[in-house]
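Given next are the chains, with one letter for each unit.
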Amino acid sequence: MPQLPTVNILFENPDWLPPLTTALSKAGFSNVNLVQLSNGLIESLSEPPQGIWINRISPSSHTRGNEYT
């Protein structure tokens, strides 16, 4: 079976990750890269990691103290 790509997950609320990471694991995705954006910063000068990108950032993130996300 071919190696599945890395899944990169942008997130601000870690409480929302377990159902997603569990489902990805069951589907055979063993490489998951968590990218927390609570402070609103991401490295923009280098090429992003290869793979699938999933956005788990809510428009209501500012209501949980993550106003810069």
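Please refer to the structure placed before this passage.
Q: In this structure, what is going on with the overall build of the protein? I would like to understand it.
A: Check the secondary structure of the protein and you find one helix and three strands. Helices and strands in the protein line up, N terminus first, as β-α-β-β. Along the first, second and third principal axes, the C-alpha set of the protein runs to 45 × 30 × 15 Å. Summarising the internal contacts of the protein: among those between residues at least 6 apart in sequence, 76% fall at separations of at least 24. Accessible area for the protein stands at about 4,900 Å²; split by element, carbon and sulfur atoms hold 57% of it.

Q: Is there a simple way to explain the pairing of strand β1 (residues 7-11) in this structure?
A: Sheet faces and side chains relate simply in a regular strand, where the side chains alternate between the two faces. Of all five residues in β1, five are buried; the element is thus mostly enclosed. The alternating pattern of β1 places Val 7, Ile 9 and Phe 11 and Asn 8 and Leu 10 on opposite faces, both of which are buried. Where β1 lies against strand β2 (residues 32-36), five bridges are found, and the strand directions are parallel. Looking across to β2, one finds that Val 7 is bridged to Val 32. Pairing of β1 with strand β3 (residues 52-56) involves five bridges; the strand directions are parallel. Bridged to Val 7 within β3 is Ile 52.

Q: Would you explain the nonpolar core in this entry?
A: Generally speaking, soluble globular proteins have nonpolar side chains that are buried together. Within the largest apolar cluster, seven residues are counted, these being Val 7, Ile 9, Phe 11, Leu 17, Leu 20, Leu 24 and Phe 29. Mapped onto this core, the elements with two or more residues apiece are β1 and α1 (17-26). Among residues more than four places away in sequence, those in contact with Phe 29 are Leu 4, Pro 5, Val 7, Leu 24 and Ile 52.

Q: I'm lost on the sheet that holds β1 in this one. Help?
A: Note: strands within a sheet are paired through backbone hydrogen bonds, in either parallel or antiparallel orientation. Overall, parallel pairing links the three strands, which are arranged β2-β1-β3 in an open sheet. Sheet topology places β2 and β3 at the edges, where each strand pairs with a single neighbour. Within the sheet, the average angular offset between the axes of one strand and its neighbour, ignoring direction, is 20°. Here α1 sits on the sheet in contact with β1, β2 and β3, set at roughly 175° to β1.

Q: What exactly am I supposed to notice about the side chain of Ser 58 here?
A: Its place among the elements puts Ser 58 in the segment after β3. Residues contacting Ser 58, with those up to four places away along its chain left out, are Glu 12, Trp 16 and Arg 64.

Conventions we followed
Residues numbered from 1 in each chain as written. Predicted model: local features only at pLDDT ≥ 70, side-chain atom pairs only at ≥ 80, totals over all residues. Heavy atoms only, no water. Helix = DSSP H or I, 4+ residues; strand = E, 2+ residues; numbered from the N terminus. Contact = heavy atoms within 4.5 Å. Areas by Shrake-Rupley, 256 points an atom, 1.4 Å probe, with all protein chains shown as cover. Buried < 20%, exposed > 50% of the residue type's maximum accessible area, 1.4 Å probe, protein only. Pairing = 2+ DSSP bridges. Core = buried A, V, L, I, M, F, W, Y, C linked by side-chain atoms within 4.5 Å. Axes fitted to C-alpha atoms, helices over the stretch in contact; angles between N-to-C directions.

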